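Residue-level structure breakdown
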Amino acid sequence: MPEYEFVDVYVPRGTPRKEATRLLTDHAEYGHWELDRLTLYRDGSRRARLRRRIIRQVRATW
């Protein structure tokens, strides 16, 4: 089963949807993150949980 690392990104209320989309797209494109969960709160703020897979390398034995 793959292992993931997570990061929470908070987008304050009043931030336009287009800017929030750009922020998450930048994380995905340059940091190789993918969206795990997005929560929209009543006050208009958003909390996005991003994840990326941890790739473990096996040490070669000679």
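Look a little higher up for the structure.
Let me sum up the structure you'll find in this document. (Residues numbered from 1 in each chain as written. Predicted model: local features only at pLDDT ≥ 70, side-chain atom pairs only at ≥ 80, totals over all residues. Heavy atoms only, no water.)

**Some thoughts on the environment of Leu23**
Take Leu23: it is sitting in helix H1 (residues 17-31). When residues no more than four places from it in sequence are discounted, the contact partners of Leu23 are Val9 and Val11. (Helix = DSSP H or I, 4+ residues; strand = E, 2+ residues; numbered from the N terminus. Contact = heavy atoms within 4.5 Å.)

**Quick notes on the sheet that holds strand E3 (residues 46-54)**
Hydrogen bonds along the backbone pair up the strands of a sheet, which may run parallel or antiparallel. One open sheet accounts for three strands, arranged E1-E3-E2; its pairing is antiparallel. Since the sheet does not close on itself, it has two edges, and those belong to strand E1 (3-11) and strand E2 (34-40), each with one partner. When strand polarity is set aside, the average angle formed by the axes of neighbouring strands in this sheet is 20°. With nine bridges connecting them, E1 and E3 associate as antiparallel partners. Pairing of Tyr10 across the sheet is with Arg47, part of E3. (Pairing = 2+ DSSP bridges. Axes fitted to C-alpha atoms, helices over the stretch in contact; angles between N-to-C directions.)

**Points about the pattern of salt bridges**
If you walk through the whole model with that rule in mind, you get five salt bridges. Measuring nitrogen to oxygen at the nearest pair gives 2.9 Å for the salt bridge that ties Arg52 to Glu5. Residue Arg52 is found in strand E3, and its partner Glu5 is found in strand E1; the two are separated by 47 residues along the sequence. On the accessibility criterion, Arg52 (28% relative accessible area) is partly exposed. (Salt bridge = Lys/Arg side-chain N within 4 Å of Asp/Glu carboxyl O. Buried < 20%, exposed > 50% of the residue type's maximum accessible area, 1.4 Å probe, protein only.)

**Considerations on the nonpolar core**
Judged by nonpolar contacts, Val9, Val11, Ala20, Trp33, Ala48 and Leu50 together constitute the single largest core of six residues. Every element with two or more residues in this core is listed here: E1 and E3. Here Leu50 is in contact with Glu5, Phe6, Val7, Val9, Leu24, His27, Trp33, Glu34, Leu35 and Asp36, once residues within four sequence places are set aside. (Core = buried A, V, L, I, M, F, W, Y, C linked by side-chain atoms within 4.5 Å.)

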